[in-house]
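Fold and contact review
Okay, here's what each chain looks like letter by letter:
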Amino acid sequence: MTLRETLARVVAASPSAMAQARAHQGRLTKPPGSLGALEEVAVRLAGAAGLSPPPMPEPAALAIFAADHGVHAQGVSPWPQEVTLQMVANFLAGGAVANAFAAQVGASVTVVDVGVAGELPVAEGLLSRKIAYGTADLSQGPAMTVPQAVAALEAGIEVASSLVASGARCLITGDMGIANTTASAALVCAFTGRDAGQVTGRGTGIDDATHAHKIAVVRQALHANGLPSTGLSTPAPSELSASGSSASPGAGAADLAPPGLAASAEPQPVLADSGQESPGGREPLEVLAALGGFEHAAIAGFILGGAAARVPVILDGVIAGSAALAAAALAPAVIDHCVAGHRSAEPGHAAALDHLGLRPLVDLELRLGEGTGGLLAHPLVCAAVRVMHDVATFDSAGVTEKQS
Ligand SMILES: Cc1cc2ncn([C@H]3O[C@H](COP(=O)(O)O)[C@@H](O)[C@H]3O)c2cc1C
Ligand SMILES: O=C(O)c1cccnc1
């Protein structure tokens, strides 16, 4: 399915299914509201499915999208780039944390090469959808061309559709790409209007000096791509009726940029007009292409593909959160189909979730990615829905309801 067709199929949550789910929750043998945030998860999934109770979100399928990043050359990660390729082999051998957590919750694992900077052997469980051998350096100009971003989005859509066709009833996002927390921070800045200093974290673990440099690289990426460094953002999905964003001119990024980094890039042609405006009046696709990685674009497509099929998507960490910002800028209703699995230690993740109006289910200071936080949340999502199917009502169980 093309991006354009997929965007047209993403529909908002059904208010009547949500109302039915709320009413049903109120009849179950428990004090109203006693399951806290889990009750909202069940209502959310009912709205997304257009059905109350919603279908059980199992079996679950994890897709790990792997790609490399030109910005690695700027020294923003302490890990060598070849770890991306090596970790793909580890996923395929079943040796990563994501494999252990997937086994724990009975999720299948599919690994998708959308842009690893090296050759991977043909292997079971590996889909080769390589767009290029890594992105260009986003701190120098666009990381991807718009056609490359569309190809990666459509790879993610295709993976979501085929997992659903093989029986998956819950999709979980995963990523692997050394230096991808830098691209994630840049996307969060562009889509939320936050400053790089607020949203750029330490990724896999960097010292203070490298962290300061990483923040400068993110600022430079916005500048090199003609995007304001702060102060402009897409409207939050929940605020779309309010016209425009709280725009104010950003500070000059050039002042903060390391010497020798290149000037603004040429604007890219836009292939799919979503009708949504992005920072500085730029289209979301252009912004995604300028700052994202191939895995960010593919994850955005995966989320859109799940939503189009009305199968819920559990989002993992900051990479998924920043990809979801792009997906929501393309089709705001996509967020109705997402559950935030967790909140990671990366500050940009909290910023993305705030902007999207999503409440994370798990908060364990994880900072791994791969889908680990999404996998940990899956049993909670299942439990929330199982309550709707299995728990007796006051009437059926003969339990007296509360007075007044
Ligand atoms: C061994 C290893 C396994 C990983 N699994 C996920 N990541 C995570 O860390 C990377 C992003 O962090 P940064 O931006 O600091 O490079 C991504 O590959 C992400 O998936 C890993 C990183 C490493 C080193
Ligand atoms: O937030 C995440 O998911 C994350 C944090 C650090 C490294 N990789 C992923």
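Since the structure is predicted, the reported quantities are computational estimates derived from the model, not experimental observations.

Rules and cut-offs
Residues numbered from 1 in each chain as written. Chains lettered and ligands numbered in written order. Predicted model: local features only at pLDDT ≥ 70, side-chain atom pairs only at ≥ 80, totals over all residues. Helix = DSSP H or I, 4+ residues; strand = E, 2+ residues; numbered from the N terminus. Buried ≥ 20, exposed ≤ 12 C-beta atoms within 10 Å, placed from the backbone. Contact = placed C-beta atoms within 7 Å. Near = placed C-beta within 6 Å. Nonpolar A, V, L, I, M, F, W, Y, C, P; charged D, E, K, R; others polar. Pairing = 2+ DSSP bridges. Axes fitted to C-alpha atoms, helices over the stretch in contact; angles between N-to-C directions. Expected span 1.5 Å × (residues − 1). Bend = angle between axes of the 7 residues up to and from the residue. Core = buried A, V, L, I, M, F, W, Y, C linked by C-beta atoms within 7 Å. Parallel < 35°, antiparallel > 145°, perpendicular 65-115°, else oblique. Left-handed = near helix turned anticlockwise from the far one by under 90°.

1. Observations regarding the overall build of the chain
Looking only at helices and strands, the chain has 15 helices and six strands in total. Residues classed as buried in the chain amount to 56% of the 404 residues present. Considering only residue pairs separated by 6 or more positions, the chain has 77% of its internal contacts joining residues 24 or more positions apart.

2. Some remarks on the site of ligand 1
Taken together, the neighbourhood of ligand 1 is formed by 17 residues, with S77, T181, G203, T204 and G369 sitting nearest. Considering every element that reaches the shell around ligand 1, the biggest residue donor is helix 7 (residues 180–192), with three residues. A class-by-class count of the residues in the shell around ligand 1 yields seven nonpolar, eight polar and two charged.

3. Regarding the site of ligand 2
Residues in close proximity to ligand 2 total 13 residues, the closest being G317, V318, S344, R367 and G369. Of the residues belonging to the shell around ligand 2, the class tally is three nonpolar, seven polar and three charged.

4. Description of the environment of A151
Mapped onto the fold, A151 is located in helix 6 (residues 146–165). Expressed as a C-alpha distance, the spacing of A151 and T2, which sit 149 residues apart in the sequence, is 9.3 Å.

5. Comments concerning the sheet that holds strand 3 (residues 126–128)
Reading across the sheet, the six strands line up as 3-2-1-4-5-6 and stay open at both edges, with parallel pairing between neighbours. The strands lining the two open edges of the sheet, one partner per strand, are strand 3 and strand 6 (338–340). For this sheet the average axis-to-axis angle between neighbouring strands, irrespective of direction, equals 25°. Summarising the sheet, strand 5 (residues 313–315) and strand 6 pair through three bridges and their orientation is parallel. Bridging across to strand 6, V313 finds its partner in C338. Running over the sheet, helix 4 (residues 82–93) touches strand 1 (60–67), strand 2 (108–115), strand 3 and strand 4 (170–176) and is turned about 155° from strand 2.

6. Some thoughts on the environment of V76
On the secondary structure map, V76 appears in the loop between strand 1 and helix 4. Beyond its immediate stretch of four places on either side in the chain, V76 contacts V71, A179, T182, K214 and V217.

7. A word on helix 14 (residues 372–390)
Between its terminal C-alpha atoms helix 14 stretches 28 Å, which fits the 27 Å expected from 19 residues at 1.5 Å a residue. At H378, helix 14 shows its maximal bend, which comes to roughly 30°, and the proline P379 appears one to four places after that position. Taken as a whole, helix 14 has its buried residues at T372, G373, G374, L375, L376, A377, H378, V381, A384, V385 and M388.

8. A word on unusual backbone geometry
For the peptide bond that leads from S52 to P53, omega is -10°, which places it in the cis range. Take P53: it is sitting in the loop between helix 3 (37–49) and strand 1. The omega torsion across E58 and P59 is 5°, close enough to zero to call that bond cis. Looking at where P59 falls in the secondary structure, it is placed in the loop between helix 3 and strand 1. At A179, a position not held by glycine, the phi torsion is positive, near 85°. Among the secondary structure elements, A179 is positioned in the loop between strand 4 and helix 7. The backbone of R310 shows a phi angle near 60°, a positive value even though the residue is not glycine. Among the secondary structure elements, R310 is positioned in the loop between helix 11 (294–308) and strand 5.

9. Overview of the nonpolar core
Core analysis: the biggest nonpolar cluster contains 129 residues, and I303 and L304 have the highest contact counts within it. When sequence neighbours within four positions are dropped, the list of residues in contact with L304 reads T6, L7, V10, I157, A327, L330, A331 and V334.

10. Focus on the pairing of strand 4
Counting buried residues along strand 4, seven of its seven residues qualify, which places the element largely inside the surrounding structure. Residues C170, I172, G174 and M176 of strand 4 are buried on one face, and the alternating residues L171, T173 and D175, pointing to the opposite face, are buried as well. Bridge count between strand 4 and strand 5: two bridges; the pairing is parallel. In the strand pairing of strand 5, I172 is matched with I314.

11. Some remarks on the environment of A73
Of note, A73 is situated in the loop between strand 1 and helix 4. Residues A73 and D137, 64 residues apart in the sequence, show an inter-C-alpha distance of 7.6 Å.

12. Digging into the pairing of strand 2
Of all eight residues that make up strand 2, seven are buried, and the element is covered over most of its length. Relative to strand 2, strand 1 is paired through seven bridges, and the arrangement is parallel. Residue pairing across strands places A66 opposite D113, the latter belonging to strand 2.

13. Description of the packing of helix 6 against helix 11
Two elements in contact, helix 6 and helix 11, have axes whose closest approach is 6 Å; the angle formed by their N-to-C orientations is 45°. Between helix 6 and helix 11, the angle is such that the two are oblique. Crossing handedness for the pair helix 6 and helix 11: right-handed. When helix 6 is examined against helix 11, the residues A149, A152, L153, E154, A155, G156, I157, V159, A160 and S161 are found in contact with a partner set consisting of F294, A297, A298, I299, A300, G301, F302, L304, G305 and G306. Tallied by class, the residues present in the contact of helix 6 with helix 11 amount to 14 nonpolar, five polar and one charged.

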